[in-house]
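Residue strings, one per chain:
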Amino acid sequence: MSHSQSTSRVDAVRARAEKAVFTGLLALPERIQRMLAGRPVVRDGQTLATETQLTLRLQKVSGLPPVETLPIVPQGRDALLHQSLLAGGSLPIGATRDLEAAGLPARLYTPRGLRPGTPSGLLVFLHGGGFIYGDLDSHDAPCRLLAERAGVRVLSIEYRLAPEDVFPAAHDDCVAAYRWAVEHAAELDADPARLAVGGDSAGGNLAAWVAIEAAREGLPCAFQLLVYPTVDAHHATESARLFAAGFFLTKQFMDLASDTYIPADADLDDPRLSPILAELPDGLAPAYLCTAGFDPLRDEGEAYARKLADAGVPVEMKRFPDQIHGFLNIVGVGRTSRSAVEEIAAALRRGLAGRVTGPDATASTPA
């Protein structure tokens, strides 16, 4: 056996052991998790979910360096993918098909119960990762869950990342991919009247911009699904200060992402980077926007929901007060994060059925 083969086998064994321990701990009763996690973490009137607190503690004691301290390529990307696969698990799906959308790698998810040739709603999904991380595999698990629970097809897009390709590469790619999905709806078994765009974090930023561009261009877009989106490149909010460290997404990570994707001469007020400053067009799609209580991006996301509502856009906003940034990927272990993602899937189902509450951006937000 070669040295590389031996190393690969050791790595595989270590990965299986890590997954078993992680899964087992997050399956324990909440009272036992509380004993392991320590005293409850309360901040800004919110209590962090016990299993989330335990996960953060496990990450801290593991001794593994935070992703933002690693070189982006390839160590940081490999580390973030490993975390996503560990938390995502292996979820059922009717079928998947890899393809190209506007020349970009893409993956089409078809839920069980939908036969080929049967039209359905379609979500064009744009992954998060600070414009520097993420791919089809990092968000495979949440795309499976969204497709299955919402009963719609999901088309996940792998757009260009920095440092190889800087702003506005990702934004241009995602608009092009959405145009492609509109033009090829029949090939995707998608109902043209039930097309949606969505994403998380950086992907939420991209989705918000795609929805704006779709309205401006007159492209069909029935719904936008924005999961803890970054919508203000300045990040000058109270939540950015309160949760700058210790809750997965850190100021250091956000600074790295901005410095890597956004050129020094770019304007942070550019509405592509800061949709909260955009002039919203008529016909903008109804939205579901959710935030996490312990997330630096919380306040800017909720401010964008209020902007949409003030503009007359039907918008449903939900804060998950006990969650952290990144919970969309935690669907293969634990209970609270998956439950939150199932709520998001239910919102997608409602949205593509034309049932969006609003415009009321404050009803489901904790005081």
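This text follows the structure it describes.
All residue numbers refer to positions counted from 1 along the written sequence of the respective chain. At least 70 in pLDDT is required for a residue's local features to be given in this predicted model, at least 80 for side-chain atom pairs to be given and counted, and no such filter applies to totals for whole chains, interfaces and linings, which use all residues. Note that water and hydrogens are dropped before the side-chain values are worked out from all heavy atoms of the structure.

Asks: Which parts of the structure should I look at to understand the overall build of the chain?
Replies: A count of helical and extended segments in the chain gives 11 helices and 10 strands. It is over C-alpha atoms that the radius of gyration is taken, and the globule rule equals 2.2 Å times the number of residues to the power 0.38. Its C-alpha atoms give the chain a radius of gyration of 20 Å, near enough to 21 Å, the size a compact globule of 367 residues would have. Partly exposed residues are those whose accessible area sits between 20% and 50% of the maximum for their type, while under 20% is buried and over 50% is exposed, using a 1.4 Å probe and protein chains only. The buried share of the chain, taken over its 367 residues, is 53%. The long-range share in the chain, meaning contacts at least 24 apart out of those at least 6 apart in sequence, stands at 79%. The protein chains shown are the only cover counted for residues, whose accessible areas, like all others here, come from Shrake-Rupley with a 1.4 Å probe. Carbon and sulfur atoms make up 53% of the accessible area of the chain, which totals about 15400 Å². Only four residue types enter the tally: Lys and Arg on the positive side, Asp and Glu on the negative side; His and the chain ends are excluded. Here the site of a charge means NZ on Lys, CZ on Arg, CG on Asp, or CD on Glu. Computed over 35 positive and 45 negative side-chain charges, the inter-centroid distance for the chain is 10 Å. Secondary structure counts use DSSP, requiring at least four H or I residues in a row for a helix and at least two E residues in a row for a strand, with both numbered from the N terminus. We call two residues in contact whenever any of their non-hydrogen atoms come within 4.5 Å of each other.

Asks: Would you mind going over the pairing of strand β6 (residues 153-157) with me for this structure?
Replies: Along any regular strand, the residues point their side chains to alternate faces of the sheet. Extensive coverage of β6 is indicated by the burial of 5 of its 5 residues. The two faces of β6 match: Arg 153, Leu 155 and Ile 157 on one face and Val 154 and Ser 156 on the other face are all buried. Whether two strands pair comes down to DSSP finding at least two bridges between them. Bridge count between strand β4 (residues 104-110) and β6: 4 bridges; the pairing is antiparallel. The residue of β6 that forms the bridge with Arg 107 is Ser 156. Across 5 bridges, strand β5 (residues 120-126) lies against β6 in parallel orientation. Residue pairing for β6: Leu 126 is matched across the bridge by Ile 157. A crossover counts as right-handed when, viewed with the strands pointing away from the observer, the path leading from the first strand over the helix to the second turns clockwise. With helix α5 (residues 140-150) bridging β5 and the parallel β6, this β-α-β connection has right-handed handedness.

Asks: What am I meant to see in helix α9 (residues 251-261) here?
Replies: Of all the positions in α9, only Phe 253, Met 254, Ala 257, Thr 260 and Tyr 261 are classed as buried. The arc that holds every buried residue of α9, seen down its axis, measures 140°, which confines them to one face. Buried residues along α9 sit against α4 (72-88) and α6 (169-183). Throughout, the arc means the angular range of directions from the helix axis out to the C-beta atoms.

Asks: Would you mind showing me how to read the environment of Asp 173 here?
Replies: Within the element layout of this structure, Asp 173 appears in helix α6. The sequence separation of Asp 173 and Leu 104 amounts to 69 residues, and the corresponding C-alpha distance is 7.8 Å. Leaving out residues up to four positions away in the same chain, Asp 173 has contacts with Leu 104, Tyr 159 and Arg 160. A polar contact of 2.9 Å, which involves the side chain of Asp 173, links it to the side chain of Arg 160. Here a polar contact is recorded for every N or O atom pair within 3.5 Å, except that within protein the pair must consist of a potential hydrogen donor and a potential acceptor, and residues adjacent in sequence are included only if both atoms are side-chain atoms.

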